[in-house]
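# Coordinates in review
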Amino acid sequence: MRAKSLFLWLWVMALLWGCAGPSGRTQHEGVVRGTVNYLRPVPLPEDADLVVQLRQLAGPGEPPRLIAEQVIESPGRVPVSFELRYDRRRIDSTRRYLLAALVLRKERTLLMSGNAYPVLTGRYPDPVKVLLQPSR
């Protein structure tokens, strides 16, 4: 009986391991990789957070839709590398997707991406290089 339980447990674990990708990701998980940089060569404040977001571009009369977000606490010196994971089932190949990043300190925006960084659909650089600008 104990051998059957062990065999069943091993079979379930092998099945679950086979469903995950080579890095432990599920088949529905995608990833956008890149770096965030800004022009000042000084470290970010210790209590600042870097927020990287994947957004679906809005159509007429609709707000942009947040697909995924990664918060990196106290990122330190730039460039800062990121791996933003998202659910591939939420991606529509006919829509456009943009990457945005900002640095927050106590809910105040210090730096933000001023340009659009298209990702996922169409041609885009991989990894993505995001350049932040001081917020106004």
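The rules we used
- Residues numbered from 1 in each chain as written.
- Predicted model: local features only at pLDDT ≥ 70, side-chain atom pairs only at ≥ 80, totals over all residues.
- Heavy atoms only, no water.
- Salt bridge = Lys/Arg side-chain N within 4 Å of Asp/Glu carboxyl O.
- Helix = DSSP H or I, 4+ residues; strand = E, 2+ residues; numbered from the N terminus.
- Buried < 20%, exposed > 50% of the residue type's maximum accessible area, 1.4 Å probe, protein only.
- Pairing = 2+ DSSP bridges.

We now examine the pattern of salt bridges. Following the criterion strictly, the structure yields seven salt bridges and no others. With a closest N to O distance of 4.0 Å, Glu29 and Arg85 form a salt bridge. Of the two residues, Glu29 is situated in strand S1 (residues 29-38) and Arg85 in strand S4 (residues 80-87); the sequence distance between them amounts to 56 residues. Look at Glu29 and you get partly exposed, because its relative accessible area is 22%. Given the relative accessible area of 36%, Arg85 is considered partly exposed. Through salt bridges with shared partners, a single network forms among Glu29, Arg33, Glu83 and Arg85.

What follows deals with the pairing of strand S8 (residues 128-134). Here five bridges tie S1 to S8, and the two strands are oriented parallel to one another. Note that in S8 the partner of Tyr38 across the bridge is Leu132. With three bridges connecting them, strand S6 (residues 108-113) and S8 associate as antiparallel partners. Its bridge partner lying in S8, Leu111 is registered against Pro134.

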